Amino acid sequence: MGLLKPEVLMGDNTMLTRAILLINHLTMFILPGLAWGYIHYKRNLFKGLDLKSFVRWQYIAMGILFLLVTYPIVAKSYEINKLWDLPDWMSNAEAQTAELLKKLLTMNSLASLILNLIVIAIIPGMGEELIFRGIIQKELSRYFKSPYVAIILASVIFSAFHFQFEGFLPRMFLGLILGFLYFWTGTLWVPILVHAFNNGMQVLITYFNPAMATEDLESTISVEWYYLIASVILSFAVGYWFIQRKAKKTNDAENAASISENLS
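All figures in this text were calculated on a predicted structure; none of them were measured in a lab. (Residues numbered from 1 in each chain as written. Predicted model: local features only at pLDDT ≥ 70, side-chain atom pairs only at ≥ 80, totals over all residues. Heavy atoms only, no water.)

**Here we look at the overall build of the protein chain**
Next up, step 1: Broken down by element type, the protein chain carries 11 helices and 0 strands.
Next up, step 2: The order of α-helices and β-strands along the protein chain, N terminus first, is α-α-α-α-α-α-α-α-α-α-α.
Next up, step 3: Contacts in the protein chain between residues at least 24 apart in sequence constitute 79% of all its contacts with a sequence separation of at least 6.
Next up, step 4: Total accessible area on the protein chain stands at roughly 14700 Å², and carbon and sulfur atoms take up 67% of it. (Helix = DSSP H or I, 4+ residues; strand = E, 2+ residues; numbered from the N terminus. Contact = heavy atoms within 4.5 Å. Areas by Shrake-Rupley, 256 points an atom, 1.4 Å probe, with all protein chains shown as cover.)

**Notes on a nonpolar patch on the surface**
Next up, step 1: Taken together, the side chains of Leu-110, Ile-114, Ile-118, Ile-122 and Met-126 present a nonpolar region at the surface, about 410 Å² in accessible area.
Next up, step 2: In this structure, Met-126 sits in helix α7 (residues 110-144).
Next up, step 3: According to the relative accessible area criterion, Met-126 is partly exposed, its value standing at 35%. (Patch = residues over 30% accessible without salt bridge, like charges linked within 9 Å, V, L, I, M, F, W, Y side chains within 5 Å. Salt bridge = Lys/Arg side-chain N within 4 Å of Asp/Glu carboxyl O. Buried < 20%, exposed > 50% of the residue type's maximum accessible area, 1.4 Å probe, protein only.)

**A closer look at the environment of Ile-131**
Next up, step 1: Along the chain, Ile-131 falls in helix α7.
Next up, step 2: We classify Ile-131 as buried; its relative accessible area is 15%.

**Here's the deal with the side chain of Gln-137**
Next up, step 1: If you trace the backbone, Gln-137 turns up in helix α7.
Next up, step 2: The residues touching Gln-137, leaving out its near neighbours within four places in the chain, are Phe-132, Ala-150, Ile-151, Ala-154, Gly-179, Tyr-182 and Phe-183.

**Details of the confidence of the model for the protein chain**
Next up, step 1: Looking at the protein chain, the pLDDT average stands at 87 and 89% of residues meet or exceed 70.
Next up, step 2: The secondary-structure element of the protein chain with the lowest mean pLDDT is helix α1 (residues 6-9), recorded at 44, while helix α8 (residues 147-160) shows the highest, at 97.
Next up, step 3: Predicted confidence for residues 2-11 stays below pLDDT 50, and this span has 24 contacts to residues more than four positions away or in other chains. (pLDDT = per-residue confidence, 0-100.)

**Observations concerning the environment of Gly-63**
Next up, step 1: You can see Gly-63 is positioned in helix α4 (residues 57-69).
Next up, step 2: The buried category is assigned to Gly-63, whose relative accessible area is 0%.
Next up, step 3: As a C-alpha pair, Gly-63 and Val-194 span 131 residues in sequence and 6.4 Å in three-dimensional space.
Next up, step 4: Those residues in contact with Gly-63 that sit more than four places away from it in its chain are Leu-181, Val-194 and Phe-242.

**With respect to the packing of aromatic side chains**
Next up, step 1: Evaluated as defined, the whole model comprises 19 aromatic pairs.
Next up, step 2: Through pairs of rings, three or more aromatic residues link up here, namely Tyr-59, Phe-66, Tyr-148, Phe-180, Phe-183, Trp-184, Trp-241 and Phe-242.
Next up, step 3: Of note, Arg-133 hangs over the ring of Phe-158, and the distance from its end group to the ring centre comes to 4.6 Å. (Phe/Tyr/Trp six-rings, centres within 6.5 Å; stacked < 30°, edge-to-face > 60°. Lys NZ or Arg CZ within 6 Å of the ring centre and 35° of its normal.)

**Observations regarding unusual backbone geometry**
Next up, step 1: Unusually for a residue other than glycine, Lys-42 sits at a positive phi of about 55°.
Next up, step 2: Relative to the assigned elements, Lys-42 resides in the loop between α2 (14-41) and α3 (45-48).
Next up, step 3: By relative accessible area, which is 49% here, Lys-42 ends up partly exposed.

So this is what it looks like as structure tokens:
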């Protein structure tokens, strides 16, 4: 959304706006990502992009749980972000983008809901994760020899690329969440589905509560310290679950390789 000039999209035709957003994500994320993958991996395109095999439902469920328990942390980061003294041009761009989003989230039919789920949740979840996690994070990890440096840098790039500065920190934290899920599971499907779930929930909540499309609810968010502490504890607990599964998977692979080597 931040990649488009809001003044181009501020007309009354929301269907045209959705079509432009769809084309934007296809041409700026999905198609370039697949082209990059084909150039680098050839016939191993989906394996190289960690999209070959699907993932067990437990990883998807725990990934969504990880997202949910981190919401208070993300909300607190928004409070901090609001304290930044941004230049007028940034604030004006943010206001225009917010107005555009309100127009898109004003849904008066089931068809508009389905279109928004596709344009705001499913397609961005696929395209942005393909670029920012499947390509940028992976390449940064190879370059710096550190997955953690790669996760942080990819998250900063992910947030900056949206050009929505009043939400820079919460979007960066979302990038961290998705980056760790990709690192822990080794498959791009988990961050794709969690990203789509995050965006899709916002669409669904607005559809069933239309007043939210015109209210600036984020400005009234205040996270109490006990919610923040609980969020940190639960986030570490869910993260530990993923770390344990990753360690077990690594040990199993090493044992299988050792057995194969001994047999040969």
